[in-house]
There are 2 protein chains.
Amino acid sequence: MLVQNGVKKINHNIHELLPAVNDEHGGIIVLVEDPMEPNVFHYMLKHSIKVWKLQGKKGVWIKMPIELANLVEIAVKEGFWYHHAEPDYLMLVHWIADSESTIPANASHKVSIGAIVFNHKREVYTPKLALFLLWRHQLKGSGIWKIPTGTVEEGESIFEGAIRELKEETGIDTEFLEVLAFRQIPKSFFNKSDLFFLCMMRPLSFDIQKQDLEIEAAQWMPFEEYANQPLIQKDGLSNYIKDLCLAKAERDYQGFTPMAITSSVFDDHMSSLYFLKDGLDQENSAL
Amino acid sequence: MLVQNGVKKINHNIHELLPAVNDEHGGIIVLVEDPMEPNVFHYMLKHSIKVWKLQGKKGVWIKMPIELANLVEIAVKEGFWYHHAEPDYLMLVHWIADSESTIPANASHKVSIGAIVFNHKREVYTPKLALFLLWRHQLKGSGIWKIPTGTVEEGESIFEGAIRELKEETGIDTEFLEVLAFRQIPKSFFNKSDLFFLCMMRPLSFDIQKQDLEIEAAQWMPFEEYANQPLIQKDGLSNYIKDLCLAKAERDYQGFTPMAITSSVFDDHMSSLYFLKDGLDQENSAL
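Computed from a predicted structure; not experimentally measured.

## Considerations on the overall build of chain A
Line of reasoning, step 1. Within chain A, the regular secondary structure consists of eight helices and 15 strands.
Line of reasoning, step 2. Burial statistics for chain A: of 287 residues in total, 53% are counted as buried.
Line of reasoning, step 3. Contacts spanning at least 24 positions in sequence make up 62% of the contacts within chain A whose residues lie at least 6 apart.
Line of reasoning, step 4. Accessible surface, chain A as shown: approximately 13,200 Å² in total, 50% of it carbon and sulfur.

## Remarks on unusual backbone geometry
Line of reasoning, step 1. Despite not being glycine, A:F190 shows a phi value in the positive range, around 50°.
Line of reasoning, step 2. Judged by its relative accessible area of 30%, A:F190 falls in the partly exposed class.

## Re the interface of chain A and chain B
Line of reasoning, step 1. Taken together, the contact pairs 98 residues of chain A with 98 residues of chain B.
Line of reasoning, step 2. Counting each side, the surface lost to burial between chain A and chain B is near 9,000 Å², with a carbon and sulfur contribution of 65%.
Line of reasoning, step 3. For the interface between chain A and chain B, the tally reads four salt bridges.
Line of reasoning, step 4. Among the salt bridges present, the one from B:E86 reaches A:K192, with a minimum N-O distance of 2.5 Å.
Line of reasoning, step 5. Counting every contact that joins chain A to chain B gives 25 residue pairs in polar contact (both at pLDDT 80 or more).
Line of reasoning, step 6. With eleven residues, strand β11 (residues 174-189) of chain A is the single largest residue contributor to the side of chain A that touches chain B.

## Here we look at the nonpolar core
Line of reasoning, step 1. Core analysis: the biggest nonpolar cluster contains 108 residues, and A:I116, A:F182, A:F197, B:I116, B:F182 and B:F197 have the highest contact counts within it.
Line of reasoning, step 2. One finds B:M44, B:I66, B:F80 and B:I96 within the second-largest nonpolar core, a separate group that totals 56 residues.

## Details of the pattern of salt bridges
Line of reasoning, step 1. Applying the stated criterion across every chain yields a total of 28 salt bridges over all chains.
Line of reasoning, step 2. The partner of B:R164 in a salt bridge is B:E156, with the nearest N and O atoms 2.6 Å apart. Just as B:R164 is buried, B:E156 falls in that class too.
Line of reasoning, step 3. Linked through salt bridges whose partners overlap, the residues forming this network are A:E153, A:E156, A:R164, A:E165 and A:E168.

## Here we look at the sheet that holds strand β5 (residues 59-65) of chain A
Residue and element names in this part refer to chain A.
Line of reasoning, step 1. A sheet is described by the order of its strands in space; here five strands give the open sequence β3-β4-β5-β7-β6, paired in mixed fashion. Edge strands, defined here as strands with exactly one partner in the open sheet, are β3 (20-22) and β6 (81-86). Averaged over all neighbouring strand pairs, the angle between strand axes comes to 20°, with direction disregarded.

## Side note on the pairing of strand β7 (residues 89-95) of chain A
Residues and elements named next belong to chain A.
Line of reasoning, step 1. The element β7 is extensively covered by neighbouring structure, given that seven of its seven residues are classed as buried.
Line of reasoning, step 2. Side-chain alternation along β7 places Y89, M91, V93 and W95 on one buried face and L90, L92 and H94 on a second face that is also buried.
Line of reasoning, step 3. By the bridge criterion, seven bridges tie β5 to β7 in an arrangement that is antiparallel. Residue pairing for β7: G59 is matched across the bridge by W95.
Line of reasoning, step 4. The pairing of β6 with β7 spans five bridges and is classified as antiparallel. From the neighbouring strand, A85 faces β7, where its bridge partner is L90.
Line of reasoning, step 5. With antiparallel pairing between neighbouring strands as the criterion, β6 and β7 make up a hairpin whose turn holds two residues.

## A short note on helix α7 (residues 236-250) of chain B
Line of reasoning, step 1. Counted at 1.5 Å a residue, the expected span for α7(B) with its 15 residues is 21 Å, and the 21 Å between its end C-alpha atoms agrees.
Line of reasoning, step 2. Residues of α7(B) that are buried: B:L237, B:S238, B:I241, B:K242, B:D243, B:L244, B:C245, B:L246 and B:A247.

## Side note on the environment of A:N39
All names here are of chain A.
Line of reasoning, step 1. Tracing the backbone shows N39 in helix α1 (residues 38-54).
Line of reasoning, step 2. In this structure N39 comes out as exposed when scored by relative accessible area, which is 56%.
Line of reasoning, step 3. Each C-alpha atom, one on N39 and one on L71, is 9.3 Å from the other, the two residues being 32 residues apart in sequence.

## Structural notes on the relation of the copies chain A and chain B
The relation between the two copies of this chain is a rotation about an axis and a shift parallel to it.
Line of reasoning, step 1. By a simple turn and slide, chain A fits onto chain B: the slide is 0.0 Å along the axis, the RMSD is 0.0 Å, and the turn is 180°. In symmetry terms, the pair is related by a two-fold rotation axis.
Line of reasoning, step 2. Both copies contact each other with a shared surface, as 100% of the interface residues of chain A are interface residues in chain B too.

## A few points about the pairing of strand β4 (residues 28-31) of chain A
Residues and elements named next belong to chain A.
Line of reasoning, step 1. As paired elements, β3 and β4 share three bridges and run antiparallel to each other. Counted as the bridge partner of A20 is V30 from β4.
Line of reasoning, step 2. Taken together, the four bridges between β4 and β5 define a ladder with parallel strand orientation. Bridge assignment links L31 to a residue of β5, and that residue is K63.
Line of reasoning, step 3. Handedness of the crossover joining β4 and β5 through α1: right-handed.

## Looking at helix α1 (residues 38-54) of chain B
All names here are of chain B.
Line of reasoning, step 1. In this model α1 runs 25 Å from its N-terminal to its C-terminal C-alpha over 17 residues, within 8% of the 24 Å that 1.5 Å per residue would give.
Line of reasoning, step 2. The complete set of buried residues in α1 reads V40, F41, M44, L45, S48, I49 and W52. Angularly, the buried residues of α1 cover 155° about the axis, an arc narrow enough to put them on a single face. When the buried face of α1 is taken as reference, the exposed residues oriented beyond 90 degrees from it are N39, K50, K53 and L54.
Line of reasoning, step 3. Elements in contact with the buried residues of α1: β3 (20-22), β4 (28-31), β5 (59-65), α2 (72-77) and β7 (89-95).
Line of reasoning, step 4. Of the residues flanking the end of α1, it is G56, one or two places downstream, whose phi is positive at about 80°.

## Observations concerning the environment of B:W95
Residues and elements named next belong to chain B.
Line of reasoning, step 1. With respect to the secondary-structure elements, W95 resides in strand β7.
Line of reasoning, step 2. Linking W95 and T262, residues 167 residues apart in sequence, is a C-alpha distance of 29 Å.
Line of reasoning, step 3. Once residues lying within four places of it in the same chain are set aside, the contact partners of W95 are K58, G59, W81, E100, S101, T102 and I103.
Line of reasoning, step 4. Within the structure, W95 has its side chain in polar contact with the backbone oxygen of S99 (distance 2.7 Å).

## Quick notes on the environment of B:E123
Residue and element names in this part refer to chain B.
Line of reasoning, step 1. Note on placement: E123 falls in strand β9 (residues 123-129).
Line of reasoning, step 2. Judged by relative accessible area, which is 17%, E123 ranks as buried.
Line of reasoning, step 3. Excluding residues within four positions of it along the chain, E123 makes contact with V117, F118, W220, M221, P222 and F223.
Line of reasoning, step 4. A polar contact of 2.8 Å, which involves the side chain of E123, links it to the side chain of N119.

## A few points about the confidence of the model for chain A
Line of reasoning, step 1. On average, residues of chain A score 88 in pLDDT, and 89% of them are at 70 or above.
Line of reasoning, step 2. Scoring the predicted complex yields pTM 0.90 and, for the interface, ipTM 0.89.

Analysis parameters
- Residues numbered from 1 in each chain as written.
- Chains lettered and ligands numbered in written order.
- Predicted model: local features only at pLDDT ≥ 70, side-chain atom pairs only at ≥ 80, totals over all residues.
- Heavy atoms only, no water.
- Helix = DSSP H or I, 4+ residues; strand = E, 2+ residues; numbered from the N terminus.
- Buried < 20%, exposed > 50% of the residue type's maximum accessible area, 1.4 Å probe, protein only.
- Contact = heavy atoms within 4.5 Å.
- Areas by Shrake-Rupley, 256 points an atom, 1.4 Å probe, with all protein chains shown as cover.
- Buried area = accessible area lost by both parts, 1.4 Å probe.
- Salt bridge = Lys/Arg side-chain N within 4 Å of Asp/Glu carboxyl O.
- Polar contact = N/O pair within 3.5 Å; in protein donor to acceptor, adjacent residues only side chain to side chain.
- Core = buried A, V, L, I, M, F, W, Y, C linked by side-chain atoms within 4.5 Å.
- Pairing = 2+ DSSP bridges.
- Axes fitted to C-alpha atoms, helices over the stretch in contact; angles between N-to-C directions.
- Expected span 1.5 Å × (residues − 1).
- Least-squares fit on C-alpha atoms with pLDDT ≥ 70 in both.
- Right-handed = clockwise from strand over helix to strand, strands pointing away.
- Arc of directions from axis to C-beta.
- pLDDT = per-residue confidence, 0-100.

Here's what the structure looks like:
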């Protein structure tokens, strides 16, 4: 490797294969990390595909860093199409086998959570949106106290996301109890959809220390005061959230509780199954 | 527009702005559809961004068709990064305002459904996986009768997806009742996650006509016969599905029922809220 003017120059042996790792499904993932002359990449890509075809490979993936955007066109010319993209890379894919493609669909949903946290005084944890968020929502007035919400990050569990958001926002520790409801919004941005999970949390600490720029303040607020805010009463979803809070606090409303399971025969992923635990326990105890 | 050798050539006036439409959040979406000389695109992009900045635009999106992969590099040079991609296009984005970026996160989850359909004889609708699917799952033996599953398509509701899958697979019409449970698999493919919704359906027709290549056969199968298959008993998820079926069929297990709601204050999207309907009705009737 030569370093000239701060740019790494790699001397590639064009008779070698592109750097790649096998995936679990008979495919291969090309990992191009360093700058490459377009014509060198083109030659090596064609050569590699010929070899991988002979080896019986099926799907070929190219994880292309955004810094190498100049190579995208070449991959497309060789029959690759786009699978997904993140801010710093584009994932291209090409099915080179004769059999039917088993390339998985792209992600279609963003996942977010809303958290309900009651303390023992029947107060609910409520942050107040910062001004710029009110603008974003085109809301006027002096603000609104809402339940905390946030995006579940890539690769994160719903329950982990809820615990993290509360911790980051104001430093309170919580335990995840159950999902009270969920909302699906098809086509909420471009053709992608939203899934919002309303989570019941138990507080493990109570000292609020505001840390997040998106909120102006946060407090434990008497539930009735929260529920009686005009904007909460005007809003369809907020009304349901309020009713679900009441049903949970005063009656026997039950949501879905997560349980760790592995499928084992059809896949071996660690996962969480969320269901009405009491409903299943009754059944099992009756057997 | 000239057509030379079957290729459309567009004469662009480089002093014009790129073709674009406003979005709902103070941003703008560039829609480049026809081939363009890279240097013309580069000039127009720089010029357009200057104008849009003066106009107070915030986020600039470029929906770049895969046919124009040669222009990706130029957009990246001008400060754009990748937001998401689908097989036929790449969405680039650039926040040109001084304020904090409010660009939404990319989709992180694929959504699929599994459907439970009982007829009045306590038989459950079960397709048998085709051989190539058994290979994909690396299963041996003469096959397995499973509940039908499928991917919820982009922009589709969970309940619509369940109804469509059953209709496409074997032509039976169903009504959506409730979500009995859901499973989240973090990082199931690359860094993306899976959400699987187990749906209880009521059949409206009973005549099975196999239409889908992914299944070898389909039948109404006595529930016990389904549940006693060795592979079903060995598999963690399948065991829970079996227990949930029983709890639903024999006892009072309740899942989440969808209800159409609009939020109205914080967004105006049509959406579905899934919750334990009886749990909320009791509450409301008590008020």
